[in-house]
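# Structural characterization, general
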Amino acid sequence: SKCEKKTSDPDNCYSKKLKKEVKHGELGKKNCCWYGDWEDKSKCDKKPEKNCCNAVEAKCEACKAGVTEEEVCRTWVIDSSDPFSYRSRPLPGCPKACCKANTLECMSCAAGVTEEEYCRTKPDTMGCPEPCCRAY
C-alpha cells in the first residue's frame, strides 16, 4: 500500500502511528518502508540498490564497495604484473602516495610540485643541480 501522506523523498513512507516520515529501509514492528511502500520486514533485510558510477576512480569504487573514499585509497594496491589492468596504476581521486625519504623525489612529491619547481624554490636541496656562479 502506497503511503497516504506526501514525504520529502519518494522512497520514504509516512507512519500514521508514529506521525512521522520513515526513511527507506527502516523497520517497524511488523513491516518496513521499502521504496515508498510498507512491506514485510524480510524485504528490508536486503540492502537497497545503490546507483554507483562505473568509472575506475575513488568515489565510484567506494560507492560500489560501500566504504569511504579514504578507505578505498588506503587499501588500493597497485599490481604492475598486468600493465593493461586498471589496477596497474594509481586510483584517480586518491591523493598521490609519496615516499617519506629526505630526497628530492620524495620532498617534491610531498610538496605537490615537480623536481624542477622544488629546486627553484629550494636550490640548496641535495639532488638539485648546482647553481651557476655569476662573475661580477
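Being a predicted model, the structure only gives us computed values, none of them experimental.

This paragraph deals with the environment of Gly66. As for its position among the elements, Gly66 is in the loop between helix H1 (58-65) and helix H2 (69-75). Its relative accessible area of 55% is what places Gly66 among the exposed residues.

What follows is about the side chain of Ser108. Along the chain, the position of Ser108 falls in helix H3 (residues 104-111). Using a relative accessible area of 4% as the deciding quantity, one classes Ser108 as buried. Within the local environment of Ser108, its side chain forms a polar contact with the backbone oxygen of Leu104, the two atoms lying 2.9 Å apart. For Ser108, the residues in contact, after removing those within four places along its chain, are Val113, Thr114, Glu115 and Tyr118.

Moving on, we come to the confidence of the model for the protein chain. Across the protein chain, the average pLDDT comes to 78, with 78% of residues at 70 or higher. Strand E3 (residues 31-34) is the least confidently modelled element of the protein chain, averaging 74 in pLDDT, while helix H4 (residues 115-121) averages 94, the highest of any element.

On to the pattern of salt bridges. Inspection of every chain in the model, using the stated rule, returns three salt bridges. Glu71 is the salt-bridge partner of Arg74, the closest N and O atoms lying 2.9 Å from each other. In this pair, Arg74 and Glu71 are both assigned in helix H2, three residues apart and thus about one turn of the helix distant. The class of Arg74 is exposed, set by a relative accessible area of 60%. By relative accessible area, which is 30% here, Glu71 ends up partly exposed.

Before going further, it helps to examine the state of the cysteines. On inspection of all chains with the given rule, the structure shows six disulfides. Bridging Cys53 to Cys60, the disulfide has an S-S length of 1.8 Å. One disulfide, between Cys53 and Cys60, carries an S-S torsion of -110° and so falls in the left-handed class. Classification of Cys53 by relative accessible area gives partly exposed; the value is 32%. Cys73 shares a disulfide with Cys94; S-S distance 2.0 Å. Between Cys73 and Cys94 the sulfur-sulfur dihedral comes to about -90°; the bridge is accordingly left-handed. Separated by 21 residues along the polypeptide, Cys73 in helix H2 and Cys94 in the loop between H2 and H3 bring together distant segments of the chain.

Conventions we followed
Residues numbered from 1 in each chain as written. Predicted model: local features only at pLDDT ≥ 70, side-chain atom pairs only at ≥ 80, totals over all residues. Heavy atoms only, no water. Helix = DSSP H or I, 4+ residues; strand = E, 2+ residues; numbered from the N terminus. Buried < 20%, exposed > 50% of the residue type's maximum accessible area, 1.4 Å probe, protein only. Polar contact = N/O pair within 3.5 Å; in protein donor to acceptor, adjacent residues only side chain to side chain. Contact = heavy atoms within 4.5 Å. pLDDT = per-residue confidence, 0-100. Salt bridge = Lys/Arg side-chain N within 4 Å of Asp/Glu carboxyl O. Disulfide = S-S within 2.5 Å.

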